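What follows is each chain in one-letter form.
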Amino acid sequence: MWRNREAVAPAESLPPSPAPTPSARPAWVLAGSSAPEPIGRLQEHYNNLCMAKSQKINPFILLVLQGVDEEIENGLEGITLNIAGNNRLIPVERVTGEDFQILSRVLKNPYINGLDVRYNLLSDVGAYYAAKLLQKQYNLIYLNLMFNDIGPEGGELIANALHKNKILKYLRMTGNKIENEGGMFFAAMLQINSSLEKLDLGDCDLEESTVHLSHMLKENHCLVELHMSKHGIRNGGIKQLCDALFLNKSLRYLDVSCNKITCDGMVFLADVLKSNTTLEVIDLSFNRIETAGAKYLSETLISHNRSLKALSVVSNNIEGEGLIALSQSVKTNLTLSNIYIWGNKFDEATCVEYSELIQMGCLKPDNTDVEPYVVDGRVYLAEVSHGLKKHYYWTPSYGEACSHSANAGFSFVPVGQHL
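Residues numbered from 1 in each chain as written. Predicted model: local features only at pLDDT ≥ 70, side-chain atom pairs only at ≥ 80, totals over all residues. Heavy atoms only, no water.

Draft legend 1. The arrangement of helix H2 (residues 42-52) in detail. Looking only at H2, the buried set comprises Leu42, His45, Tyr46, Leu49 and Cys50. Each buried residue of H2 sits inside an arc of 135 degrees when the element is viewed along its axis, so together they form one side. Opposite the buried face of H2, by more than 90 degrees, sit the exposed residues Met51 and Ala52. Buried residues along H2 sit in contact with helix H3 (59-73), helix H4 (97-106) and strand S2 (112-116). Serine 54 lies just past H2 and shows a positive phi near 55 degrees. (Buried < 20%, exposed > 50% of the residue type's maximum accessible area, 1.4 Å probe, protein only. Helix = DSSP H or I, 4+ residues; strand = E, 2+ residues; numbered from the N terminus. Arc of directions from axis to C-beta. Contact = heavy atoms within 4.5 Å.)

In structure tokens:
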């Protein structure tokens, strides 16, 4: 079950947490208490702030700010500051928590409304300054903090900052090991926050998170996208989520990939899909729903549901009978336009069925992850690089980074200009 620190009340009765008391603040907290300076060119402003704070200038940040200055001069607005630490095209000096203290002060700029600092070294130090940034709000609607070594304490700071924030629409915490302790604060926050629309808590070392997150879904009517991959969800957990989805009327994209859900869990999901009319995208990839689970879903999609648009059952140990049942769903249900099936057990009948689906125009080639080919008169299926979130952990160095066919899930549920 979820671990609670002795001084923290359970999530159900958790009030908005007060700011940390001065006595508990380490030195890095006190360092950023002064007000931001007036802004000019971002590059110059960052350089001046580093000199004033005797902080080493990060050349990577300086280079990115130079490019943003040029975009602003060209009249662009709604700019996302992209300081991703996994950029392979230019030299990268990864951003530390101390670097982020300075960077956060540069962001008081009306032209910037997004910040991507994925794969850096922010830690809980950077999380503190991210929380301060969210408290000041500015224009930030998109914040990507994925894989920044943020722990439970940093997660708590960010979640508490969102209690009153009314600007942020999309937050990615992916890969930060905030654990159950930090996750509890996000569940509590979502019962209060009425502006956040997309939240990614995938791969955050949360276990049995469905107790608190399902309770949140009953109360929250703003969230449209929730990622819960690698949460260790079992059939009991998916039942709790489905019970909440009978009441929730806002969630459109549910990601429960890479969990431990079996065919029994599909009984609950199939049942809620008979009445839920808001869910448009469900990602069940890398579970174990098998043939029986696929048949439960297909029966509902054929006879009841007319709102689901995309379904991924990649790598679920589904055999031919279950895959053909799902193909019948696509053929009968005109709303279900995207289906992803690679990594299951294809027999010849399955290959023929999906080949015919594509040839008949019932399934567009861009809307699935398989492509038929023929050898010696027999039809086979090959994998193509399409899916709900192919670029979830990375973006390509060339070509279109946010193509619809590779990231269809994000395209179905956009927030402003950000996927």
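Additional details are given in the paragraphs that follow.
Draft legend 2. Representation of the pattern of salt bridges in the model. The final tally for this structure, using the stated rule, is 20 salt bridges. Across the pair lysine 177 and aspartate 205 runs a salt bridge whose closest N-O atoms are separated by 3.7 Å. Remark: aspartate 205 occurs in the loop between strand S5 (198-200) and helix H8 (210-219) and lysine 177 occurs in the loop between strand S4 (170-172) and helix H7 (179-189); sequence separation between them is 28 residues. Of the residues examined, aspartate 205 reaches a relative accessible area of 41% and is grouped as partly exposed. In this structure, glutamate 290 engages arginine 288 in a salt bridge whose closest nitrogen and oxygen atoms are separated by 3.6 Å. What makes glutamate 290 partly exposed here is its relative accessible area of 28%. A relative accessible area of 47% means that arginine 288 is categorised as partly exposed. Via salt bridges that share partners, Lys177, Asp203, Asp205 and Lys230 belong to a single interconnected network. (Salt bridge = Lys/Arg side-chain N within 4 Å of Asp/Glu carboxyl O.)

Draft legend 3. Fine view of the nonpolar core. Core analysis: the largest hydrophobic core is formed by 100 residues, its most contacted members being Leu171 and Phe186. Sort the elements by how many residues they give to this core and helix H5 (residues 123-136) lands first, with 8 residues. Apart from residues no more than four positions distant in its own chain, phenylalanine 186 is found in contact with Gly155, Ile158, Ala159, Leu162, Leu171, Met173, Ile178, Leu199 and Leu201. Ranked by size, the runner-up nonpolar core spans 15 residues in total, among them Tyr142, Val224, Val314 and Leu388. (Core = buried A, V, L, I, M, F, W, Y, C linked by side-chain atoms within 4.5 Å.)

Draft legend 4. Representation of the packing of H2 against H4 within the structure. Contact pair H2 / H4: the axes reach a minimum separation of 10 Å and the direction vectors enclose 135 degrees. In terms of orientation, H2 and H4 fall into the oblique class. Remark: the crossing between H2 and H4 carries right-handed chirality. Contacts between H2 and H4 involve Leu42, His45, Tyr46, Leu49 and Cys50 on the former and, on the latter, Ile102, Arg105 and Val106. (Axes fitted to C-alpha atoms, helices over the stretch in contact; angles between N-to-C directions. Parallel < 35°, antiparallel > 145°, perpendicular 65-115°, else oblique. Left-handed = near helix turned anticlockwise from the far one by under 90°.)

Draft legend 5. Molecular detail of the packing of aromatic side chains. Within this structure, the stated rule accounts for 8 aromatic pairs. When the centroid spacing of 5.7 Å and the interplanar angle of 65 degrees are considered together, the rings of tryptophan 342 and phenylalanine 346 count as edge-to-face. Its relative accessible area of 25% is what places phenylalanine 346 among the partly exposed residues. Ring pairs connect the aromatic residues Tyr119, Phe147, Tyr392 and Tyr393, which therefore count as one cluster. Sitting above the plane of the tyrosine 392 ring, arginine 172 keeps its charged end 4.7 Å from the centroid. (Phe/Tyr/Trp six-rings, centres within 6.5 Å; stacked < 30°, edge-to-face > 60°. Lys NZ or Arg CZ within 6 Å of the ring centre and 35° of its normal.)

Draft legend 6. Quick peek at the pairing of strand S1 (residues 79-82). Side chains Ile79 and Leu81 of S1 all project onto a buried face; the interleaved residues Thr80 and Asn82 project onto a face where none is buried. In the sheet, S1 pairs with S2 via 4 bridges, with the strands oriented parallel. Bridge assignment links leucine 81 to a residue of S2, and that residue is leucine 115. With H4 bridging S1 and the parallel S2, this β-α-β connection has right-handed handedness. (Pairing = 2+ DSSP bridges. Right-handed = clockwise from strand over helix to strand, strands pointing away.)

Draft legend 7. Geometry of unusual backbone geometry. A positive phi is found at serine 54, a non-glycine position, where the angle reads about 55 degrees. A positive phi is found at glutamate 179, a non-glycine position, where the angle reads about 60 degrees. Following the sequence through the fold, glutamate 179 ends up in helix H7. Overall, the relative accessible area of 27% leaves glutamate 179 in the partly exposed class.

Draft legend 8. View of the packing of H5 against helix H6 (residues 152-161). The contact between H5 and H6 brings their axes to 8 Å, and the two run at 0 degrees. Taken together, the axes of H5 and H6 lie roughly parallel to each other. Facing H5, whose interface residues are Asp124, Ala127, Tyr128, Ala131, Leu134 and Gln135, H6 presents Glu153, Gly154, Leu157, Ile158 and Ala161.

Draft legend 9. Local environment of the sheet that holds strand S7 (residues 253-255). Within the open sheet, the 10 strands sit side by side as S1-S2-S3-S4-S5-S6-S7-S8-S9-S10. Their pairing is parallel. For this open sheet the edge positions go to S1 and strand S10 (338-340), each flanked by a neighbour on one side alone. Ignoring which end each strand starts from, the neighbouring axes of this sheet average 5 degrees apart. Relative to strand S8 (residues 281-283), S7 is paired through 3 bridges, and the arrangement is parallel. The residue bridging aspartate 255 from the neighbouring strand is aspartate 283, located in S8. Relative to the sheet, H3 contacts S1 and S2, its axis offset from that of S1 by approximately 165 degrees.

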